[in-house]
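What the coordinates show
One-letter residues, chain by chain:
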Amino acid sequence: MKNISIYICLLALATGLVSCEKLLEVTPNSEFAPGNVLTSENGIKSLLFSAYAEQQTQQNSRFVINDSEMCTDMAFNSGGAENAQLLPIINFTWNTDVLTFQADIWAPNYRCIRDANGVIENIDNVKTSDAIKKLFKAEARVLRAQSYAILYNFFGPVPLRISTSQPGDLIRATDEEMKSFIETEITQSVADLPDPGKEAAYGRFNKGNATGILAKFYLNTKQWQKAADAAKTVIDFNYYTTTQYQFKDLFKVENEGINNKEMMLVLPCRNEVDFGNWFMAGALPPAFKSTPQVPEFVYLPTMSNFGTQYRLRTAFVNSLAAADKRRSLICTSYINNSNATVNILPGDNARSFKYFDNTTIGNNSGNDVPVLRYADILLCRAEALNELSSIPTTECFTLINQVRTRAGLPNLTLVDAPIKETFKDAIFRERGWEFISEGKRREDLIRQGTFISSAIARGISASIATADKALFPIPLSEIQANKLCIQNKGY
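Residues numbered from 1 in each chain as written. Predicted model: local features only at pLDDT ≥ 70, side-chain atom pairs only at ≥ 80, totals over all residues. Heavy atoms only, no water.

Re the overall build of the chain
To keep it simple, the criterion reads: Helix and strand definitions follow DSSP, with helices as H or I runs of at least four residues and strands as E runs of at least two, each counted in order from the N terminus. With C-alpha atoms as the basis for the radius of gyration, the globule rule is written as 2.2 Å multiplied by the number of residues raised to the power 0.38. Type-normalised accessible area, obtained with a 1.4 Å probe on protein chains alone, sets the label of each residue: buried when under 20%, exposed when over 50%, and partly exposed for intermediate values. Contacts between residues were defined by any pair of non-hydrogen atoms, one from each residue, lying within 4.5 Å. Under the convention used here, Asp and Glu are negative, Lys and Arg are positive, and both His and the chain ends fall outside the count. Taken as the charge centre is NZ of Lys, CZ of Arg, CG of Asp or CD of Glu, depending on the residue.
Helices and strands together make up the secondary structure of the chain, namely 18 helices and nine strands. The globule rule puts the C-alpha radius of gyration for 491 residues at 23 Å, and the 22 Å found for the chain is close to it. Across the 491 residues in the chain, those meeting the buried criterion constitute 59%. Once local pairs closer than 6 in sequence are excluded, the contacts in the chain between residues at least 24 apart make up 72%. Separation of charge centres in the chain, based on 50 positive and 52 negative side chains, amounts to 2 Å.

Describing the nonpolar core
What counts is decided by this rule: Put simply, buried Ala, Val, Leu, Ile, Met, Phe, Trp, Tyr and Cys residues joined by side-chain atoms within 4.5 Å make one nonpolar core.
Counting 125 residues, the largest nonpolar core has Phe92, Trp94, Tyr148, Phe155, Phe297, Ile377 and Phe423 as the members making the most contacts within it. Per-element tally for this core: the top contributor is helix H7 (residues 130-155), with 13 residues. Beyond its immediate stretch of four places on either side in the chain, phenylalanine 92 contacts Cys71, Phe451, Ile452, Ala455, Arg458, Ile460, Ile464, Ala465 and Lys469. Met74, Leu312, Phe316 and Ala350 belong to the second-largest nonpolar core, a separate cluster that totals nine residues.

Regarding the sheet that holds strand E3 (residues 288-290)
Basically, it comes down to this: Whether two strands pair comes down to DSSP finding at least two bridges between them. Every axis in this analysis is a line fitted to C-alpha atoms, fitted for helices over the stretch in contact. Angles between the N-to-C directions lie between 0 and 180 degrees.
Strand order in this open sheet of three strands is E3-E6-E7, and the pairing throughout is antiparallel. In this open sheet, the two strands that pair with only one neighbour each are E3 and strand E7 (341-343). Across this sheet, the average inter-strand angle for adjacent strands is 55 degrees, counted without regard to direction. Where E3 meets strand E6 (residues 333-336), two bridges bridge the pair, whose relative direction is antiparallel. Across the sheet, serine 290 pairs through a bridge with isoleucine 335, a residue of E6.

Focus on the pairing of strand E9 (residues 369-373)
Summarising burial for E9: four of the five residues are buried, a large majority. The pairing of strand E2 (residues 263-267) with E9 spans four bridges and is classified as antiparallel. The partner of leucine 267 across the bridge, within E9, is valine 369.

Looking at the pattern of salt bridges
Test applied: When a carboxyl oxygen of Asp or Glu is within 4 Å of a side-chain nitrogen of Lys or Arg, the pair counts as a salt bridge.
Tallied over the full model, the rule gives 36 salt bridges. A salt bridge links arginine 431 to aspartate 376, with the nearest nitrogen and oxygen atoms 2.7 Å apart. Within this pair, whereas arginine 431 is found in helix H15 (residues 420-434), its partner aspartate 376 is found in helix H13 (residues 374-388), the two being separated by 55 residues in sequence. Arginine 431 gets classed as buried once you look at its relative accessible area, which sits at 1%. The class of aspartate 376 is buried, set by a relative accessible area of 0%. The shortest N-O distance in the salt bridge between lysine 424 and glutamate 387 comes to 3.9 Å. Remark: glutamate 387 occurs in helix H13 and lysine 424 occurs in helix H15; sequence separation between them is 37 residues. The two residues lysine 424 and glutamate 387 agree in class, both being buried.

A word on the environment of glycine 118
Inspection of the secondary structure puts glycine 118 in helix H6 (residues 99-122). Under the relative-accessibility criterion, glycine 118 is labelled buried at 0%. The spacing of glycine 118 and tyrosine 239 is 121 residues in sequence and 33 Å in space, taken between C-alpha atoms.

Some details on the pairing of strand E1 (residues 75-78)
Residues Ala75 and Asn77 point to one face of E1 and are all buried, whereas Phe76 and Ser78, pointing to the other face, are not buried. Inspection of the sheet shows E1 paired to strand E4 (residues 309-312) by four bridges, in the antiparallel sense. For asparagine 77, the partnering residue across the bridge sits in E4 and is tyrosine 310.

A few points about the confidence of the model for the chain
Condition: Per-residue confidence from the predictor is reported as pLDDT, which spans 0 to 100.
Residues of the chain with pLDDT of at least 70 account for 93%, and the chain-wide mean is 93. Confidence drops under a pLDDT of 50 for residues 12-32, and excluding neighbours within four residues, the segment shows 50 contacts in the predicted structure.

What about the packing of H7 against helix H8 (residues 175-187)?
Let me state the cut-off plainly: Handedness of a helix crossing follows the sense of rotation of the near helix relative to the far helix, less than a right angle counterclockwise being left-handed and clockwise being right-handed. We call Asp, Glu, Lys and Arg charged. Ala, Val, Leu, Ile, Met, Phe, Trp, Tyr, Cys and Pro are nonpolar, and the rest, Gly among them, are polar.
Running from N to C, H7 and H8 cross one another at 150 degrees; their axes reach a closest spacing of 8 Å. Between H7 and H8 the crossing geometry is left-handed. Only Asp175, Met178, Lys179, Phe181, Ile182, Thr184, Glu185 and Ile186 of H8 make contact with H7, whose side of the interface consists of Arg141, Arg144, Ala145, Tyr148, Ala149 and Tyr152. Split by residue class, the contact of H7 with H8 holds eight nonpolar, one polar and five charged.

Here we look at helix H10 (residues 224-235)
The following threshold applies: The length a helix should cover is 1.5 Å for every residue beyond the first.
The end-to-end C-alpha distance of H10 is 16 Å, a good match for the 16 Å that 12 residues give at a rise of 1.5 Å each. All of the buried residues along H10 are Trp224, Ala227, Ala228, Ala230, Ala231, Val234 and Ile235. Lining the buried residues of H10 we find helix H9 (207-220), E2, H13, helix H14 (394-406) and helix H16 (441-448).

Digging into the packing of aromatic side chains
Each aromatic ring pair is summarised here by two numbers: the centre-to-centre distance and the angle between the ring planes. Where we set the bar: Aromatic pairs are defined between Phe, Tyr and Trp rings, using the six-membered ring for Trp, whenever the two ring centres lie within 6.5 Å; interplanar angles under 30 degrees are classed as stacked, those over 60 as edge-to-face, and all others as tilted.
If you walk through the whole model with that rule in mind, you get 27 aromatic pairs. Centre to centre, the rings of phenylalanine 101 and phenylalanine 472 are 4.4 Å apart; their planes meet at 25 degrees, and the pair counts as stacked. Of the two residues, phenylalanine 101 sits in helix H6 while phenylalanine 472 sits in the loop between helix H17 (451-457) and helix H18 (476-481), which places them 371 residues apart along the sequence. Classification of phenylalanine 472 by relative accessible area gives buried; the value is 0%. With a centroid separation of 6.5 Å and 70 degrees between ring planes, the pair formed by phenylalanine 297 and tyrosine 299 is classed as edge-to-face. Three or more aromatic residues joined by ring pairs make a cluster, and in this case those are Phe92, Trp94, Phe101, Trp106, Tyr110, Tyr148, Phe154, Phe155, Phe181, Phe451 and Phe472.

Listed below in structure tokens is the structure:
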């Protein structure tokens with residue numbers, strides 16, 4: 001009865017939590033009575049959508065992006081209240097009490113896991129068709145696996161909570177247990193998911209994006225053959241593409257939705273409190289009026305411009321070729337309110353305008369935040385194939401050049417990258433340029449083996465930028481609450 005009461009409280013909040021626009025809205029009714037809440041289709045669907053909502057934390061997505069980029073050669077920050085939280089990330093001095101680790105990564109993912117567990121445990125008792133039961137259970141298992149993959153990425157193995165009846169004190173899983181669990185959850189669920197484009201609502205799982213999540217997990221854990229195979233499975237759907245939109249148009253609000261065949265999985269955003277993308281409010285430079293790099297962006301006085309400044313490092317911006325079309329979403333100069341031109345390329349002060357939206361209301365832009373793009377899958381397979389070969393293969397070049405072509409760059413050839421290591425370097429450069437402000441840089445540098453050395457090259461002391469910093473610390477609140485949870489080495 002206690003669990004049912006908890007779920008009634010959760011479902012009563014579901015209308016406010018669910019974030020996949022009207023297509024995933026929940027309407028609480030008498031079916032949420034204690035005897036019905038976990039046996040009716042609407043009741044269990046609402047719990048499933050609550051799990052999705054916990055995973056889709058739109059306005060806090062900026063913190064996850066910044067946590068993954070401010071500690072790298074890509075991004076920087078100054079000013080405003082957020083700077084106090086981001087300075088330890090920039091300077092590699094983070095510790096167990098950094099709020100963002102708990103509030104923006106640990107807690108939302110474990111809340112998603114909690115709700116997914118509730119769906120999985122109760123789905124067999126729901127009065128609905130077998131097809132619906134299989135679908136909801138598959139979605140819940142992939143949600144749970146995705147949450148654990150995210151937690152593993154930041155913290156390493158964590159306590160595997162796979163039941164609502166497990167005790168609060170729980171040891172961390174082993175590395176192999178974590179990897180096996182995530183793999184099994186997804187591989188056993190994919191068959192019961194719809195094909196790409198056939199999902200009931202934008203933002204829900206299908207065979208393509210679920211397999212893509214698995215491909216990226218394999219990649220980040222250096223399971224090269226499995227990563228290559230999973231990426232090929234996605235490619236072989238012949239559904240996704242990088243040719244539908246120019247790069248500059250890919251992130252525009254008007255091009256969002258289920259018909260965008262590059263955005264495989266996103267955090268769906270809209271111009272509303274609790275559902276908005278807040279990144280641009282922190283990316284705008286002081287007294288901003290307009291920029292010649294993105295002339296179509298019309299800044300209005302009703303749009304927020306935070307005191308905190310999300311900045312791009314000069315050396316990183318300068319690494320993009322002058323003809324690279326991905327530069328079209330980087331602000332390097334602007335006109336201020338006094339009609340003076342301000343050059344902000346020097347001093348690690350350029351800005352990512354990837355999420356500009358002319359209909360922004362206050363803090364809330366409507367641009368979806370990409371979780372997984374098709375370009376990521378192409379580069380995933382190229383990287384994995386290269387790792388499996390003594391020299392880069394023809395397919396490696398075909399895959400990376402699909403991304404480079406849209407960027408307006410010449411094809412990479414065997415002359416440019418004749419050996420495994422030079423192609424690997426090319427892949428990581430390409431990934432950096434392609435995924436600015438999408439929260440991929442930390443995991444890429446860790447996989448490349450340059451996360452620590454890059455920090456030292458930027459001036460971080462070798463006594464601070466130690467190998468232990470490849471993982472963030474388990475949040476202090478979890479260590480205090482779970483007596484069996486052992487902290488990561490070095491914290």
